[in-house]
Amino acid sequence: MSTHFFDLDRDGLAQLASEHGFRSFLPKQLLRWVYEQGITDPERMTDLSKRDRERLPDVLDFERSVELTHQLATDGTQKLLMGWPDVEPGPGLNILQSGGDDRETECVMIPTEKRRTACISSQVGCPVGCRFCASGLGGLEGNLTAGQIVEQAWRLGRLDQVDRITNIVFMGMGEPLANYANVTRAIRILNAEWGLGIGARRITVSTVGMPVAIRKLAEFELPVTLALSLHAPFDELRRDIIPWAEHATIRELLDACNDYFQATGREITLEYILLGKLNDQVEHAQELARLARTLRANVNLIRYNEVAGLPFERPVSADVHRFQAILKDKGVNAHIRASRGRDIAAACGQLRHEQRQARVDDECGANGQED
Ligand code: SF4
């Protein structure tokens, strides 16, 4: 099988070019065509020799994903459901359980006046299993390679009305720190001036929390922004909402985040999904404020988007604003993140979940007719 272009850094491309007898300036030409011009069809790379254009497809695959669905929301948010013919299974995983057509991930482009943020996935499915999230429903199916991660951001940057991607958030499907090697390799390519050229500070890794991996990330050469998905200020409630939370207490996570802050100087963000009447009451806000202050962390409040079939409610506005006011009163920098793309199922894993459900319904319907 040929090599995935988006998996390669500049040295990897140079090595590949030399091994296959291409001229030494081919890597520079390819990087310019793909990352600057957004062109992956060798036939359109006009400064390559005819012979190189003909030989390239035998050596390199450019786009490996298949676009299954493309949605555009009224607020400009765009979402892609992508199919991957090849996904690397994680340790101990039986990826084939899900069937060949089911290796799907989502990525979202969120525009604001000044930014074009790519929200990308790091895994197919997710091992964390947050009870409110569609991605966690089927568990983990596999890890994405660095190339598959980079390709998502590249494809989002090629959509209509997107000039260039300015920010990356690892907040799509998957737990990025559970796919550490591929995620950090992808970050290098996303950051490189020959790649997508996105500054480390504009790349956010959002994790439910693995203290060992957070400390490892603190030693990574690029000081990316770290966001901890807390979602509950008490351990017991957190374990109820996030099964993965049994691996580390909130105290252990905050200690690891503090180490990250000390090592990188990057302020930590606490992500907090407000679930109606479950974690959005006064006592939750007061304890969250206390935790945030110990870490000098910023807090992002996210109103839950309901997922069909899951028993969680979107919080009422009065509770959301009271929650934020309590945090602010205690000196915490707390923002309510705008809900984006609600009309296109923009919550993590929702589109994939809905499409799978529709397929199941179709199949049931078909079976019903046959019976
Ligand atoms: S919210 Fe994130 S961490 Fe939780 S199950 Fe969904 S994808 Fe995984």
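Residues numbered from 1 in each chain as written. Predicted model: local features only at pLDDT ≥ 70, side-chain atom pairs only at ≥ 80, totals over all residues. Heavy atoms only, no water.

**Brief notes about the sheet that holds strand E13 (residues 298–303)**
Now for step 1: Read from one edge of the open sheet, 10 strands run E3-E4-E5-E6-E9-E10-E11-E12-E13-E14, paired in mixed fashion. Since the sheet does not close on itself, it has two edges, and those belong to strand E3 (66–72) and strand E14 (334–337), each with one partner. Recorded for the sheet is a direction-independent mean angle of 20° between the axes of neighbouring strands.
Now for step 2: When strand E6 (residues 116–119) meets strand E9 (residues 167–170), the two strands line up parallel, connected through 3 bridges. Pairing of Cys-119 across the sheet is with Val-169, part of E9. (Pairing = 2+ DSSP bridges. Helix = DSSP H or I, 4+ residues; strand = E, 2+ residues; numbered from the N terminus. Axes fitted to C-alpha atoms, helices over the stretch in contact; angles between N-to-C directions.)

**Topic: the packing of helix H1 (residues 10–19) against helix H2 (residues 26–36)**
Now for step 1: Relative orientation of the contacting elements H1 and H2 amounts to 130°, with a least axis distance of 9 Å. Looking at the two axes, H1 sits oblique to H2. Crossing geometry of H1 relative to H2 is assigned as right-handed. Facing Arg-10, Leu-13, Ala-14 and Ala-17 of H1, the residues of H2 in contact are Leu-26, Pro-27, Leu-30 and Leu-31.
Now for step 2: Among the residues forming the contact of H1 with H2, the class breakdown is 7 nonpolar, no polar and 1 charged. (Parallel < 35°, antiparallel > 145°, perpendicular 65-115°, else oblique. Left-handed = near helix turned anticlockwise from the far one by under 90°. Contact = heavy atoms within 4.5 Å. Nonpolar A, V, L, I, M, F, W, Y, C, P; charged D, E, K, R; others polar.)

**Considerations on the side chain of Asp-7**
Now for step 1: Along the chain, the position of Asp-7 falls in the loop between strand E1 (3–4) and H1.
Now for step 2: For the buried Asp-7, no salt bridge is present, and the opposite-charge side chain at shortest range is Arg-185, 4.1 Å distant.
Now for step 3: Within the structure, Asp-7 has its side chain in polar contact with the backbone nitrogen of Gly-147 (distance 2.9 Å).
Now for step 4: Residues contacting Asp-7, with those up to four places away along its chain left out, are Thr-145, Ala-146, Gly-147, Arg-185 and Ile-189. (Buried < 20%, exposed > 50% of the residue type's maximum accessible area, 1.4 Å probe, protein only. Lys, Arg positive; Asp, Glu negative; His and termini not counted. Salt bridge = Lys/Arg side-chain N within 4 Å of Asp/Glu carboxyl O. Polar contact = N/O pair within 3.5 Å; in protein donor to acceptor, adjacent residues only side chain to side chain.)

**Some thoughts on unusual backbone geometry**
Now for step 1: With phi around 70°, Gln-161 is a residue other than glycine that occupies positive phi space.
Now for step 2: With respect to the secondary-structure elements, Gln-161 resides in the loop between helix H4 (146–157) and E9.
Now for step 3: Its identity as a non-glycine residue notwithstanding, Arg-296 has a phi of 50°, on the positive side.
Now for step 4: With respect to the helices and strands, the residue Arg-296 is situated in the loop between helix H9 (282–295) and E13.
Now for step 5: You can call Arg-296 exposed: its relative accessible area is 59%.

**Let's talk about H1**
In an α-helix, one full turn covers 3.6 residues, which means residues spaced three or four apart are oriented alike.
Now for step 1: Within H1, burial applies to Gly-12, Leu-13, Leu-16 and Ala-17. All buried residues of H1 lie within an arc of 135° about the axis, which places them on one face of the element. When the buried face of H1 is taken as reference, the exposed residues oriented beyond 90 degrees from it are Asp-11, Ser-18 and Glu-19.
Now for step 2: On the buried face of H1, the contacting elements are E1, H2, helix H3 (50–59) and strand E2 (60–61).
Now for step 3: Near the N-terminus of H1, the side chain that reaches the backbone nitrogen of Asp-11, with its oxygen 3.3 Å away, is that of Asp-9.
Now for step 4: Remark: Gly-21 follows H1 within two positions and exhibits a positive phi of approximately 75°. (Arc of directions from axis to C-beta.)

**Quick word on the confidence of the model for the protein chain**
Now for step 1: Predicted confidence across the protein chain gives a mean pLDDT of 89, with 88% of residues reaching 70 or more.
Now for step 2: Counting interchain partners and residues more than four positions distant, the pLDDT-below-50 stretch residues 90–100 has 14 contacts.
Now for step 3: The low-confidence segment residues 364–371, where pLDDT is below 50, has 0 contacts with residues more than four positions distant or belonging to other chains. (pLDDT = per-residue confidence, 0-100.)

**Notes on the packing of helix H8 (residues 250–264) against H9**
Now for step 1: Two elements in contact, H8 and H9, have axes whose closest approach is 10 Å; the angle formed by their N-to-C orientations is 30°. Regarding the angle of H8 to H9, the classification is roughly parallel. For the pair H8 and H9, the crossing hand works out as right-handed. Contacts from Ile-250, Leu-254, Cys-257 and Asn-258 of H8 reach H9 at Leu-291, Thr-294 and Leu-295.
Now for step 2: Taken together, the residues of the contact of H8 with H9 break down into 5 nonpolar, 2 polar and no charged.

**Some remarks on the side chain of Asn-300**
Now for step 1: Its location among the elements puts Asn-300 in strand E13.
Now for step 2: With residues near it in sequence (within four places) discarded, Asn-300 still touches Thr-269, Leu-270, Glu-271, Tyr-272, His-335 and Arg-337.

**Thoughts on the environment of Met-173**
Now for step 1: Along the chain, Met-173 falls in the loop between E9 and helix H5 (180–191).
Now for step 2: The spacing of Met-173 and Gln-123 is 50 residues in sequence and 6.0 Å in space, taken between C-alpha atoms.

**Observations concerning the pairing of E14**
Now for step 1: As paired elements, E13 and E14 share 4 bridges and run parallel to each other. Paired with Leu-301 across the strands is Ile-336, a residue of E14.
Now for step 2: At this point the chain moves from E13, through helix H10 (residues 317–329), to the parallel E14, and the crossover so formed is right-handed. (Right-handed = clockwise from strand over helix to strand, strands pointing away.)

**Examining the pattern of salt bridges**
Now for step 1: Applying the stated criterion across every chain yields a total of 17 salt bridges.
Now for step 2: Note that Arg-32 is salt-bridged to Asp-47, the shortest N-O span being 2.8 Å. Remark: Asp-47 occurs in the loop between H2 and H3 and Arg-32 occurs in helix H2; sequence separation between them is 15 residues.
Now for step 3: Its relative accessible area of 30% is what places Arg-32 among the partly exposed residues.
Now for step 4: Across the pair Arg-53 and Glu-43 runs a salt bridge whose closest N-O atoms are separated by 4.0 Å. In this pair, Arg-53 sits in helix H3 while Glu-43 sits in the loop between H2 and H3, placing the two residues 10 residues apart along the sequence.

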